[in-house]
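# Geometric and topological summary
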Amino acid sequence: MSTPEPPRPRRNRTTVAVVAASAAVVVACAAVGYLTLRGDGNDEAGPQPTPTASASASAGSDGTARGGGGGSEPLVPGWNTVVNAKRGITFDVPASWKRQSASWVSYVTENDDPEEKPLVAMMAPAVLKEKWCTSDDGKDGTPDAYSLASVGTTGEQGARSAAEAAEDTAETWVYGLYTQPDRSRLTVGEPESFRTKSGVEGSLVTVTSSGTPEKGKCDTDGKAVTFAFKNAEGKFVSWTYVGAHGVQDEVSDATIRQILSTVRLFEKGDGEG
């Protein structure tokens, strides 16, 4: 099998992967590989060297598709349930959000990192308007597509507190997607206590950017909202919303909070065969 070409350098690189425990084939819209940061991907394996590009994604070997397949029914009528069984988290999203495979991982890297080392990642995300903006900034005849927003969950390995995890994760998403290499444009909110409908308690941090130079058609400011807490195993995990900020289609705070309010713990065996 020939070695695939690495993904093209692009603004605000988002790499998306499918990690399947028993599968040799992984397909995504950018680089793929096992992740070792903060527990998302494979905790034991190191990074895999062969990035590839594709237009689709497959479900993992855990029997769940599009992030569903387990957990309780949606708390909001008409919404769909997203499950990260590996991290013990489930939540709901409006029907307009597209749920990716349960083993799909999205992550960001430093734009100039030849090794594509992930800075932060989310597993089993749901995406709003996958092709919200398209731009051929590289002038190579192949436009890149940028989504409006995503929500997903993360294992916060090494975190000493929920507040620390929430702040670091939210800040890294906005930096990685919208402002790098400039951190001076980030505004980091104070941690606040939050309790979901199911009684999950943790720390919530909001990070936004402002004045990001518009070097390309799709350049915008960004916003991330991260809620960090302990799962049923007593390990720090988090839920994150990240999306474009200051644009006409920006997801409202009310919608973000409504999605966040559905976050609940998930234990293997709940709704699984």
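Predicted model, so just to flag it, every value in this text is computed and none were measured.

## Some thoughts on the pairing of strand β2 (residues 80-84)
Most of β2 sits out of view: four of its five residues are buried. Linking β2 back to strand β3 (residues 89-93) in an antiparallel pair, the connection comprises four residues, with Gly88 at a positive phi of about 75°.

## Things to note about unusual backbone geometry
For the bond from Gln180 to Pro181, the omega torsion is 10°, close enough to zero to count as cis. In this structure, Pro181 sits in the loop between α1 (162-179) and β10 (186-188). Within the chain, Lys129 stands out as a residue other than glycine whose phi angle is a positive 55°. Inspection of the secondary structure puts Lys129 in the loop between β6 (118-128) and β7 (133-135). Lys129 sits in the partly exposed class, given a relative accessible area of 43%.

## A short note on the packing of aromatic side chains
Considering all chains together, one arrives at three aromatic pairs under this definition. On the numbers, 6.4 Å between centres and 85° between planes, the contact of Phe91 with Trp239 is edge-to-face. Linking Phe91 in strand β3 with Trp239 in strand β14 (residues 236-245), this pair joins segments that are 148 residues apart in sequence. Look at Phe91 and you get buried, because its relative accessible area is 1%. The side chain of Arg183 reaches across the aromatic face of Tyr175, ending 3.9 Å from its centre.

## A short note on the sheet that holds β3
Ordered in space as β2-β3-β15, the three strands form an open sheet in which the pairing is antiparallel. In the strand order of this sheet, the two ends are held by β2 and β15 (264-265), each with one partner. With two bridges joining them, β3 and β15 adopt antiparallel strand pairing. When the sheet's bridge partners are listed, Thr90 is paired in β15 with Arg264.

## A few points about helix α2 (residues 253-260)
Among all positions of α2, only Ile256, Ile259 and Leu260 are buried. Along the axis of α2, the buried positions cluster into a sector of 100°, meaning they face one direction only.

## Structural notes on the pairing of β6
Taking burial as the measure, the 11 residues of β6 include 10 buried ones, the bulk of the element. Sheet topology places strand β4 (residues 98-99) next to β6; two bridges connect them, and they run antiparallel. From the neighbouring strand, Arg99 faces β6, where its bridge partner is Ala126. Here five bridges tie strand β5 (residues 104-109) to β6, and the two strands are oriented antiparallel to one another. By the bridge assignment, Ser106 is partnered in β6 with Met122. Bridge analysis of β6 against strand β9 (residues 149-155) gives four bridges, and the strand direction is antiparallel. In the strand pairing of β9, Ala126 is matched with Val151.

## Notes on the pattern of salt bridges
If you walk through the whole model with that rule in mind, you get 10 salt bridges. Lys129 is the salt-bridge partner of Asp249, the closest N and O atoms lying 3.8 Å from each other. Of this pair, Asp249 sits in the loop between β14 and α2 while Lys129 sits in the loop between β6 and β7, and the two are 120 residues apart along the sequence. Owing to a relative accessible area of 35%, Asp249 belongs among the partly exposed residues under this scheme. A salt bridge links Glu171 to Arg183; the shortest N-O distance between them is 3.9 Å.

The rules behind the values
Residues numbered from 1 in each chain as written. Predicted model: local features only at pLDDT ≥ 70, side-chain atom pairs only at ≥ 80, totals over all residues. Heavy atoms only, no water. Buried < 20%, exposed > 50% of the residue type's maximum accessible area, 1.4 Å probe, protein only. Helix = DSSP H or I, 4+ residues; strand = E, 2+ residues; numbered from the N terminus. Pairing = 2+ DSSP bridges. Phe/Tyr/Trp six-rings, centres within 6.5 Å; stacked < 30°, edge-to-face > 60°. Lys NZ or Arg CZ within 6 Å of the ring centre and 35° of its normal. Arc of directions from axis to C-beta. Salt bridge = Lys/Arg side-chain N within 4 Å of Asp/Glu carboxyl O.

So far we have only geometry, and geometry alone does not tell us how the molecule works.
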